[in-house]
Amino acid sequence: IIEGRAQTALERIQSLQTTHTSDSGLMFLAGEAFYALEQLQEAVMAFEAGLELNPSKKGQLFNLGRALQALGRDEQALLVFNHMQKRPEASFQTRGLFGAGLSQLNLGKEQTARNLFVRSLQLDPTFDRARYRLSLLLLHQDPAESLSMLETILARDPLHHGSAYNRALARRTLGRSQQNGIHP
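Rules used in this analysis
Residues numbered from 1 in each chain as written. Predicted model: local features only at pLDDT ≥ 70, side-chain atom pairs only at ≥ 80, totals over all residues. Heavy atoms only, no water. Helix = DSSP H or I, 4+ residues; strand = E, 2+ residues; numbered from the N terminus. Buried < 20%, exposed > 50% of the residue type's maximum accessible area, 1.4 Å probe, protein only. Contact = heavy atoms within 4.5 Å. Salt bridge = Lys/Arg side-chain N within 4 Å of Asp/Glu carboxyl O. Axes fitted to C-alpha atoms, helices over the stretch in contact; angles between N-to-C directions. Left-handed = near helix turned anticlockwise from the far one by under 90°. Nonpolar A, V, L, I, M, F, W, Y, C, P; charged D, E, K, R; others polar. Polar contact = N/O pair within 3.5 Å; in protein donor to acceptor, adjacent residues only side chain to side chain.

A. Spotlight on the overall build of the protein. Looking only at helices and strands, the protein has ten helices and zero strands in total. In the protein, the order of α-helices and β-strands from amino to carboxyl end is α-α-α-α-α-α-α-α-α-α. Taken over the C-alpha atoms alone, the protein extends approximately 70 × 30 × 25 Å along its principal axes. The 184 residues of the protein split such that 43% are buried. By sequence separation, contacts in the protein at least 24 residues apart represent 45% of the contacts at least 6 residues apart.

Shown next as structure tokens:
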């Protein structure tokens, strides 16, 4: 699935499911393949079927939450991400906070989203997905902080999508603020 062969993987998974109808692992893999193919409703159905077979995986399915978000079902996505935050592993908590932040943004709750992104970064200071989203929220209110965050991301990943462009915006905003006598 990761190597861009999601359709081939899905066909193989579906073939295996004919003889292994109660295999939750195959259901989760099917969900991941559907997600990679942007067949989001099918992804949600596969993930949920897998959870019915194996409820202990609740809180481990980030892409279930992302698929729900893409379908405009942010309240349901928040439930998925809240379960992730309750897991003992910091990696799940970090991603759960990040996902919840994305849903809160979609629901128009920018301050709540910002707080969730900050908490995600407190758990894992190297989690640049949260840093990037937070930098976008700070772009016009605190361009210097936004610029610093984008520079941190680009230092780790010079080809990070969007960071170079938004770094230019932050620099322009910072320059305008300083020209107008405003010092952030």
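B. Focus on the pattern of salt bridges. Scanning the entire structure with this criterion turns up six salt bridges. The residue R156 makes a salt bridge to D128 at a minimum N-O spacing of 2.7 Å. Linking R156 in helix α9 (residues 143-156) with D128 in helix α8 (residues 128-138), this pair joins segments that are 28 residues apart in sequence. R156 sits in the partly exposed class, given a relative accessible area of 44%. Its salt-bridge partner being E151, residue R171 comes within 2.8 Å of it at the nearest N-O pair. Here the residue R171 occupies a position in helix α10 (residues 163-179), and E151 occupies one in helix α9, the gap between them amounting to 20 residues. By relative accessible area, which is 46% here, R171 ends up partly exposed. Given the relative accessible area of 28%, E151 is considered partly exposed. Residues joined by salt bridges that share partners form a network here, namely D128, R131 and R156.

C. Geometry of the packing of helix α3 (residues 40-53) against helix α4 (residues 62-70). Between α3 and α4, whose axes approach to 9 Å, the crossing angle comes to 140°. Seen along the crossing, α3 lies across α4 with a hand that is left-handed. On the side of α3, the interface is formed by L40, V44, F47 and L51, while α4 contributes N63, L64, A67, L68 and A70. By residue class, the composition of the contact of α3 with α4 is eight nonpolar, one polar and no charged.

D. Up close: the side chain of H160. Within the secondary structure, H160 sits in the loop between α9 and α10. At 2.6 Å, the side chain of H160 and the side chain of S163 are in polar contact.

E. Local environment of the side chain of Q69. Along the chain, Q69 falls in helix α4. A polar contact of 2.8 Å, which involves the side chain of Q69, links it to the side chain of S103. Sequence-distant contacts of Q69, that is, excluding residues within four places in its chain, are made with D74, A77, F81, G99, L102, S103 and N106.

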